[in-house]
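Here's the letter readout for the chains.
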Protein chains: 2
Amino acid sequence: MQWTKVLGLGLGAAALLGLGIILGHFAIPKKANSPAPQDLDLEILETVMEQLDAHRIRENLRELSREPHLASSPRDEDLVQLLLQRWKDPESGLDSAEASTYEVLLSFPSQEQPNVVDIVGPTGGIIHSCHRTEENVTGEQGGPDVVQPYAAYAPSGTPQGLLVYANRGAEEDFKELQTQGIKLEGTIALTRYGGVGRGAKAVNAAKHGIAGVLVYTDPADINDGLSSPDETFPNSWYLPPSGVERGSYYEYFGDPLTPYLPAVPSSFRVDLANVSGFPPIPTQPIGFQDARDLLCNLNGTLAPATWQGALGCHYRLGPGFRADGDFPADSQVNVSVYNRLELRNSSNVLGIIRGAVEPDRYVLYGNHRDSWVHGAVDPSSGTAILLELSRVLGTLLKKGTWRPRRSIVFASWGAEEFGLIGSTEFTEEFFNKLQERTVAYINVDISVFANATLRVQGTPPVQSVVFSATKEIRSPGPGDLSIYDNWIRYFNRSSPVYGLVPSLGSLGAGSDYAPFIHFLGISSMDIAYTYDRSKTSARIYPTYHTAFDTFDYVDKFLDPGFSSHQAVARTAGSVILRLSDSFFLPLKVSDYSETLRSFLQAAQQDLGALLEQHSISLGPLVTAVEKFEAEAAALGQRISTLQKGSPDPLQVRMLNDQLMLLERTFLNPRAFPEERYYSHVLWAPRTGSVVTFPGLSNACSRARDTASGSEAWAEVQRQLSIVVTALEGAAATLRPVADL
Amino acid sequence: MQWTKVLGLGLGAAALLGLGIILGHFAIPKKANSPAPQDLDLEILETVMEQLDAHRIRENLRELSREPHLASSPRDEDLVQLLLQRWKDPESGLDSAEASTYEVLLSFPSQEQPNVVDIVGPTGGIIHSCHRTEENVTGEQGGPDVVQPYAAYAPSGTPQGLLVYANRGAEEDFKELQTQGIKLEGTIALTRYGGVGRGAKAVNAAKHGIAGVLVYTDPADINDGLSSPDETFPNSWYLPPSGVERGSYYEYFGDPLTPYLPAVPSSFRVDLANVSGFPPIPTQPIGFQDARDLLCNLNGTLAPATWQGALGCHYRLGPGFRADGDFPADSQVNVSVYNRLELRNSSNVLGIIRGAVEPDRYVLYGNHRDSWVHGAVDPSSGTAILLELSRVLGTLLKKGTWRPRRSIVFASWGAEEFGLIGSTEFTEEFFNKLQERTVAYINVDISVFANATLRVQGTPPVQSVVFSATKEIRSPGPGDLSIYDNWIRYFNRSSPVYGLVPSLGSLGAGSDYAPFIHFLGISSMDIAYTYDRSKTSARIYPTYHTAFDTFDYVDKFLDPGFSSHQAVARTAGSVILRLSDSFFLPLKVSDYSETLRSFLQAAQQDLGALLEQHSISLGPLVTAVEKFEAEAAALGQRISTLQKGSPDPLQVRMLNDQLMLLERTFLNPRAFPEERYYSHVLWAPRTGSVVTFPGLSNACSRARDTASGSEAWAEVQRQLSIVVTALEGAAATLRPVADL
């Protein structure tokens, strides 16, 4: 070939190659530079579901419940170290973990001078004493670490008087006794658990001049009527006759000395004399074995039918014992309480998996660590799952297989049993940080009450993510149902939007979710497995807060095989992953519309006529609910549209912020100044049975018997305006962000 | 050529082209797909600076101040329409604009029965009357729309008694009168403006049994001592003898009937009998011409030297008139006030430029619209700038030249003069939306008090953006100084970090920024041009709140040529653009460190010894300040590092959220329950002269004379914990977001 030809061909080739390069670079759009944004990975989800291991949960539980671990006890501190060790494990730990300690006011019985309940004869001698400890039926009920049954925060004192029976210690119970002409002043009231909160029994009693309170668990309420040793643990899941429910009798939550301030050593502490919410009179819980001795010997009128229980005798009201019983008729009951308040160090343990894309969005998952005794169910059944979840996710993390889009924070709270103290102090210390950034709070405390069905409490925005999760997980037990399909058989409701769906319960203040939802306005949920109500009427699992809540109790009776534990772990795990990994936050704010509509309808139905009588119109509330519904629906539409396109991460972030922050818009720290920490205008405590806006409902109850111009009716109007403002404000945050 | 050769060459060429395309597409990274994120555009900034036109501002002012436009008057409503028209203009308007109306409680003098101040002789006849109106010196002081001078919210009543002179009506002034043995019960107190707030004069007087209050402006305080007609407006900028400062005497802000609720028609309204904060006794302002007649005829002891003024006589204390004066010695003064409270509709006007990238981040700029009379200075000098800013930005927007990264919201507030009512109701109605999304609030009310220098009040995070803006804008007047360089000559301080810098004032409650900073915790600023203090001691521009605050007053005396107006417009415009367009938010949170350090040092110096006596340690506060300093500095470092790279918009958004939300972390709605709307623990009202943490300082003042175990000392400790918790919480939000 001629060299000119070669040159020509070479030049031509270079030109062609060059043209190609130019075309390739500019004319073909490049995909690699805009990769799909990190989203929920179904394979990872599947892996997590598979790896959550029932056996490991069981082993966690065995270790956690090996010894009693009362808040601030040495064993409680050992478990802090256990958690830290697991969360710092190089193979299966989190990105970082640490313990933080608060100095909080706890209440303990005296070890030197145990609390006692005696029957004192006419001459002043003790003729009978109640048991001071539970019977050591499995070898785990003895020993120095089993705290004597007591009513935490009940004051010390040694009241003595004639015994009366006061049913559940509700206000109406004491009124009934009054109606019956029974002189309550100076008496000792025997009450049973249930109906009202623990502390309320003593508060109500004290109003009537009662000097001391006893509280027991009736076999009718906890044991489906059974009470003999051979029918109870260790022969069944029922409470043995000597079992006593311990508990906090404090009316509020959080450290009693540092309301609204974190209980760090330097914080201001309220003078003890100014602390409110402690029971006003000495109070002591006893077992039903002891309660039988007292109650079955009472004198006086027969108690009403609804006051009767399963102790095998006719309950009478007293006062005092009947002449033909086991004790002289004028015997009295002496309640000697020697509880002591102590400032103790209590730790939270926190661990974090850093989000890859949005590290400043936190999916927060927690449970308390402290128990009353061994606490196999409460709280270790939850902690066993917490450890398994963190292990599975930690392992994927450490292997480099996965890192979530958002941060996941795990928490082990201290001193929950005394009043949600660790979690509350945490929210006080990091109020703004948490409020700005937390996507949702997931609580799994007692993970398995029983093994029949899932039970979820939560605010409306979490409903859909729980539904999505549970539809994909097989239910334990026979058959091939999903957890969702099984759940709907036990708890369901007819939704105007979805038809028949499982029903979520609402969040009270029963566990550590309380400060998150009520004080911070963070969408929250509590997940557990629970009873088939057709099979038991027990108000809670029978060994609750007793020394019989042990590993064997769970292993033999509550969840042999731990498949319910596994089901809860999977549900929680799936919810965590969906919240932390989904590009679009799976919080469906439009599900609040149904709640608001039903609250509104209840208000119209049950309060409408009364309000009209006092010239108060629900019109503005109707308008506000309608506005919320419309804006929530429109936002849902915009999300759908966006999901069909390929939105950029900033666009989705803005939208997710609207979803995340909706729950905050229902907070008003000035709405209920007398209700400590309760700022959520939809979920604050509500008296009365109508399920509606609590502020409105409570104000109406108080105003009902007053004249139209009263302060109480002004408060009704104020509460109505507060909720209208909250709903209008919420609707405004759902509008397109650049709308005026 | 052979066909095989041709084929060969053809195939080779195709292969080469193909190879090129492949290389071009995959081997060369494409820039076009990751364009630089939208950031501040200096050319746009320059354009805006150039287009802000002094002449147009002057024409805006002429139109705005043409008629009196008292809140809720027809002319006020006309201006609502004017604003809407401008903001909806297709050539120079915003994306959208709307008016929103509240029903608020205002106070007006009766038109049928004007307020009067008379001297009543011994026989009960009126022997002298004060002027009911200002003298019509320019033809603008007459007419039905010029509201009679009055003390808004002062109750009606016709008290009569001997006159006393009470200086500025401060608590110590009345104590001084008591010390002098003057019986105050039933007297009328003549006070002068200044020293304490308007309402406080009546509150303090009432505590001493005084029956009525007169308030005047002393020429010493406002006119540099000048008082004759030929020395005052229209011959100079000084207040004419008949000029009377109107004003609100309400002690709080916001609609008086709807605290914490938006004053929409349906909202709950407090019963009038329960409203607090109104002056307790009839009160009326008068001009110094009338005050001279009263004061120069007083009997009694000579007033202290600091009580003397420039009325050309020796001020005496009273009570009553001296025998050798113009009135009989036992003449009394009758103050007849016929003010009426009325529910009126008052509108805010809002307009928005939608952000292109982060529409859910709002840069909020506002001023009130209502005046007392023509209000050329107050507030129209600000509104004239508001209109010019919106015109220039709107024009760029409508041309398609520019759209900001974040949204810009313009606001024209109603009824500010009565107590920041429009802005406060707005923050009540959209509390959450604003708190979640507002980057900063910029207030320009009176834009030009005088034409010497810039004056800025604001919280520390806004300092740097104001500095950046003002360094780039030429100062009006001779020379070639920047606004910054001119400013530093008048207001400066020595910063430990920066050396000599202009000093920003702190934000009280003098204009509509108050609800934004104190109630919502949004970083705020107020911008104006003001006095050379070496040239005048006037406490404010002399015609403030009088019928002499007219267009000609501004045009001739305050800012001929409107170059100071233009300077303020440019400053505000540059600040708006920097806040709305900068990729990284120009809020320098580390500038809070200096403030906290100086507050701490003041506390140590002035309260340290006292606290130590009561065993209260400032140690936790020292630690908290140090922690804040360290975290703020570290965040600054991370920003610098990030700015050097090419961070993605989501990363920067997360960081910007930390900057934007820092101010929120200083809010605690439970810190000062008695101080309505004040939740910011650093800027709540502070009594006493020590510039330190207000809660701590105020609590110390109250505790100072009590014993160590008192409630007051407990409150000191509580306040100390509140500020420590806030600072620790703030520091926590500045940490890397995935740190525990």
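Thresholds, definitions, all that
Residues numbered from 1 in each chain as written. Chains lettered and ligands numbered in written order. Predicted model: local features only at pLDDT ≥ 70, side-chain atom pairs only at ≥ 80, totals over all residues. Heavy atoms only, no water. UniProt positions renumbered as here; feature names shortened; annotations may be inferred. Helix = DSSP H or I, 4+ residues; strand = E, 2+ residues; numbered from the N terminus. Rg over C-alpha atoms; globule rule 2.2 N^0.38 Å. Buried < 20%, exposed > 50% of the residue type's maximum accessible area, 1.4 Å probe, protein only. Contact = heavy atoms within 4.5 Å. Areas by Shrake-Rupley, 256 points an atom, 1.4 Å probe, with all protein chains shown as cover. Lys, Arg positive; Asp, Glu negative; His and termini not counted. Charge placed at Lys NZ, Arg CZ, Asp CG, Glu CD. Pairing = 2+ DSSP bridges. Phe/Tyr/Trp six-rings, centres within 6.5 Å; stacked < 30°, edge-to-face > 60°. Lys NZ or Arg CZ within 6 Å of the ring centre and 35° of its normal. Arc of directions from axis to C-beta. Polar contact = N/O pair within 3.5 Å; in protein donor to acceptor, adjacent residues only side chain to side chain. Disulfide = S-S within 2.5 Å. Axes fitted to C-alpha atoms, helices over the stretch in contact; angles between N-to-C directions. Expected span 1.5 Å × (residues − 1). Salt bridge = Lys/Arg side-chain N within 4 Å of Asp/Glu carboxyl O. Core = buried A, V, L, I, M, F, W, Y, C linked by side-chain atoms within 4.5 Å. Parallel < 35°, antiparallel > 145°, perpendicular 65-115°, else oblique. Nonpolar A, V, L, I, M, F, W, Y, C, P; charged D, E, K, R; others polar. Domains from an automatic or database assignment.

- Where an unreviewed UniProt entry is consulted, chain A appears under the name Aminopeptidase NAALADL1, with the organism given as Pan troglodytes.
- UniProt, in its Subcellular location (unreviewed entry) section for chain A, records the words "Apical cell membrane".
- Turning to chain A, the UniProt record has this under Cofactor (unreviewed entry): "Zn(2+)".

## A word on the overall build of chain A
So, step 1. Regarding its fold elements, chain A presents 21 helices and 19 strands.
So, step 2. At 30 Å, chain A has a C-alpha radius of gyration in line with the 27 Å of a compact globule built from 740 residues.
So, step 3. Counting only C-alpha atoms and orienting by the principal axes, one finds that chain A spans roughly 135 × 65 × 55 Å.
So, step 4. Within chain A, buried positions represent 61% of all 740 residues.
So, step 5. Nonlocal contacts in chain A, meaning residues at least 24 apart in sequence, comprise 79% of its contacts between residues at least 6 apart.
So, step 6. Counting every atom, chain A has about 26100 Å² of accessible surface; 51% of that belongs to carbon and sulfur.
So, step 7. Chain A carries 61 positive and 83 negative side-chain charges, and their two centres are separated by 6 Å.

## Observations regarding the sheet that holds strand β3 (residues 126–129) of chain B
All names here are of chain B.
So, step 1. Spatial strand order, β3-β2-β11-β5: four strands in an open sheet with antiparallel pairing. A single partner strand is all that each edge strand has here, and the edge strands are β3 and β5 (160–161).
So, step 2. As defined by bridge partners, strand β2 (residues 116–120) adjoins β3 across three bridges and the pair is classed as antiparallel. The partner of Ile119 across the bridge, within β3, is His128.

## Some details on the packing of aromatic side chains
So, step 1. Enumeration according to the criterion identifies 85 aromatic pairs over all chains in this entry.
So, step 2. Here Phe253 of chain B and Tyr677 of chain B contribute two aromatic rings whose centre-to-centre distance is 5.1 Å and whose plane-to-plane angle is 20°, an arrangement assigned as stacked. With Phe253 of chain B in the loop between β9 (247–248) and β10 (283–286) and Tyr677 of chain B in the loop between α19 (649–661) and α20 (694–703), this pair connects stretches of sequence that are 424 residues apart. Residue Phe253 of chain B shares its accessibility class with Tyr677 of chain B, and that shared class is buried.
So, step 3. Lys471 of chain A extends its terminal NZ or CZ atom over the ring of Tyr484 of chain A, reaching a point 4.8 Å from the ring centre.

## Considerations on the UniProt feature "domain: Peptidase M28" (unreviewed entry) in chain A
So, step 1. Mapped onto this numbering, the UniProt entry gives "domain: Peptidase M28" (unreviewed entry) at residues 348–556 of chain A.
So, step 2. The span residues 348–556 of chain A carries 32% helix and 25% strand; its end-to-end C-alpha distance comes to 31 Å.

## Quick look at helix α3 (residues 54–64) of chain B
All names here are of chain B.
So, step 1. Listed as buried for α3 are Ala54, Ile57, Asn60, Leu61 and Leu64. Buried residues of α3, seen end-on, are gathered within an arc of 115° and therefore sit on one face of the element.
So, step 2. Against α4 (74–87), α9 (380–399), α15 (551–558) and α16 (563–581) lie the buried residues of α3.
So, step 3. The backbone nitrogen of His55 lies 3.0 Å from a side-chain oxygen of the residue at the head of α3, namely Asp53.

## Some thoughts on the environment of Ser598 of chain B
Residues and elements named next belong to chain B.
So, step 1. For Ser598, the position within the fold is in helix α17 (residues 591–613).
So, step 2. As a C-alpha pair, Ser598 and Val462 span 136 residues in sequence and 18 Å in three-dimensional space.
So, step 3. Looking at Ser598, its side chain comes within polar contact range of the main-chain oxygen of Thr595, at 3.1 Å.

## Observations concerning the pairing of strand β15 (residues 438–443) of chain B
On any regular strand, side chains alternate: one points to one face of the sheet, the next to the other face.
Residues and elements named next belong to chain B.
So, step 1. Burial runs high along β15: six of the six residues are buried.
So, step 2. Strand direction decides the pairing type here: strand β13 (residues 358–368) and β15, joined by five bridges, are parallel. Each residue of the ladder has a partner; that of Tyr365, found in β15, is Ile442.

## Here's the deal with the environment of Asn334 of chain B
All names here are of chain B.
So, step 1. Structurally, the position occupied by Asn334 is in strand β11 (residues 332–336).
So, step 2. For Asn334, a relative accessible area of 11% gives the class buried.
So, step 3. In contact with Asn334, not counting residues within four places along its chain, are Val116, Val117, Asp118, Val120, Thr158, Pro159 and Gln160.
So, step 4. Within the structure, Asn334 has its side chain in polar contact with the side chain of Gln160 (distance 3.0 Å).

## Considering the UniProt feature "domain: Transferrin receptor-like dimerisation" (unreviewed entry) in chain A
So, step 1. According to UniProt, the positions carrying the feature "domain: Transferrin receptor-like dimerisation" (unreviewed entry) are residues 616–735 of chain A.
So, step 2. End-to-end, the C-alpha atoms of residues 616–735 of chain A are 29 Å apart, and along that stretch the chain is 61% helix and 0% strand.

## Some thoughts on the state of the cysteines
Residue and element names in this part refer to chain A.
So, step 1. Taken as a whole and assessed by the stated rule, the structure comprises two disulfides over all chains.
So, step 2. Residue pairing for Cys296: its cysteine sulfur links by disulfide to Cys313, the two sulfurs lying 1.9 Å apart. Between Cys296 and Cys313 the disulfide shows an S-S torsion of about -80°. By sign, it is left-handed. Here Cys296, found in the loop between α8 (288–295) and β11 (332–336), pairs with Cys313, found in the loop between α8 and β11; they are 17 residues apart in sequence, far enough to count as distant.
So, step 3. Residue classification places Cys313 among the partly exposed positions, given a relative accessible area of 21%.

## A word on the side chain of Ser721 of chain A
So, step 1. Structurally, Ser721 of chain A is set in helix α21 (residues 711–734).
So, step 2. Those residues in contact with Ser721 of chain A, other than ones at most four positions away along the chain, are Leu261, Ser266, Ser267 and Phe268 of chain B.

## Comments concerning the sheet that holds strand β8 (residues 212–216) of chain A
Residues and elements named next belong to chain A.
So, step 1. The parallel open sheet is built from four strands, whose spatial order is β6-β7-β8-β10. Each having just a single partner strand, β6 (163–165) and β10 (283–286) make up the two edges of the open sheet. For this sheet the average axis-to-axis angle between neighbouring strands, irrespective of direction, equals 25°.
So, step 2. Pairing geometry for β6 and strand β7 (residues 188–192), over three bridges, is parallel. By the bridge assignment, Leu163 is partnered in β7 with Ile188.

## Topic: helix α19 (residues 649–661) of chain A
All names here are of chain A.
So, step 1. A rise of 1.5 Å per residue sets the reference length of α19, with its 13 residues, at 18 Å; its end C-alpha atoms lie 18 Å apart and thus fit the reference within 8%.
So, step 2. With eleven of 13 residues buried, α19 is to be regarded as a mostly interior element.
So, step 3. All buried positions along α19 are accounted for by Leu650, Val652, Arg653, Met654, Leu655, Asn656, Asp657, Gln658, Leu659, Met660 and Leu661.
So, step 4. Taking the backbone nitrogen of Leu650 as reference, a side-chain oxygen 2.8 Å away marks Asp648 as the first, capping residue of α19.

## Points about the pattern of salt bridges
So, step 1. If you walk through the whole model with that rule in mind, you get 66 salt bridges over all chains.
So, step 2. In this structure, the salt-bridge partner of Asp76 of chain A is Arg369 of chain A, at a minimum N-O distance of 2.8 Å. Note that Asp76 of chain A is positioned in helix α4 (residues 74–87) and Arg369 of chain A in the loop between β13 (358–368) and α9 (380–399), a separation of 293 residues in sequence. Each of the two residues, Asp76 of chain A as well as Arg369 of chain A, counts as buried.
So, step 3. A salt bridge links Glu728 of chain B to Lys627 of chain B; the shortest N-O distance between them is 2.7 Å. One end of the pair, Glu728 of chain B, is in helix α21 (residues 711–734); the other, Lys627 of chain B, is in helix α18 (residues 619–644), and 101 residues separate them in sequence.

## Thoughts on the nonpolar core
So, step 1. If you look at the biggest cluster of nonpolar residues, it comprises 464 residues, and the most contacted ones within it are Phe410 and Phe418 of chain A together with Phe410 and Phe418 of chain B.
So, step 2. Setting aside residues no more than four positions away along its own chain, Phe418 of chain B makes contact with Leu70, Ala71, Leu106, Ser107, Phe108, Tyr150, Ala152, Tyr153, Ser248, Tyr250, Asp370 and Trp372 of chain B.

## Structural notes on the packing of α20 of chain B against α21 of chain B
All names here are of chain B.
So, step 1. In contact at an axis separation of 8 Å, α20 and α21 are set at 170° when each is read in the N-to-C sense. As far as their axial angle goes, α21 and α20 are roughly antiparallel. Contacts between α20 and α21 involve Gly695, Leu696, Ala699, Cys700, Arg702 and Ala703 from the first element and Ala712, Trp713, Glu715, Val716, Gln719 and Leu720 from the second.
So, step 2. Of the residues belonging to the contact of α20 with α21, the class tally is eight nonpolar, two polar and two charged.

## What to know about the domain arrangement of chain A
Residues and elements named next belong to chain A.
So, step 1. In terms of domain boundaries, chain A breaks down into domain 1 (42–105 + 342–475 + 508–530 + 556–581), domain 2 (110–338) and domain 3 (591–734).
So, step 2. Computed from C-alpha atoms alone, the centre-to-centre distance between domain 1 and domain 3 is 30 Å.
So, step 3. Contacts between the two partners involve 26 residues from domain 1, matched on the other side by 17 residues from domain 3.
So, step 4. Two residues, Asp360 and Arg653, come together in a salt bridge whose shortest N-O distance is 2.7 Å.
So, step 5. If you look at where domain 1 meets domain 3, you find twelve residue pairs in polar contact (both at pLDDT 80 or more).
So, step 6. Sorting the residues of the side of domain 1 that touches domain 3 by element identifies β13, α10 (421–429), α11 (431–437), β15 (438–443), α12 (463–471) and α14 (513–519) as the ones contributing at least two each.
So, step 7. Ranked by residues supplied to the side of domain 1 that touches domain 3, first place goes to α11 with four residues.
So, step 8. Looking at side-chain class alone, the side of domain 1 that touches domain 3 contains nine nonpolar, nine polar and eight charged residues.

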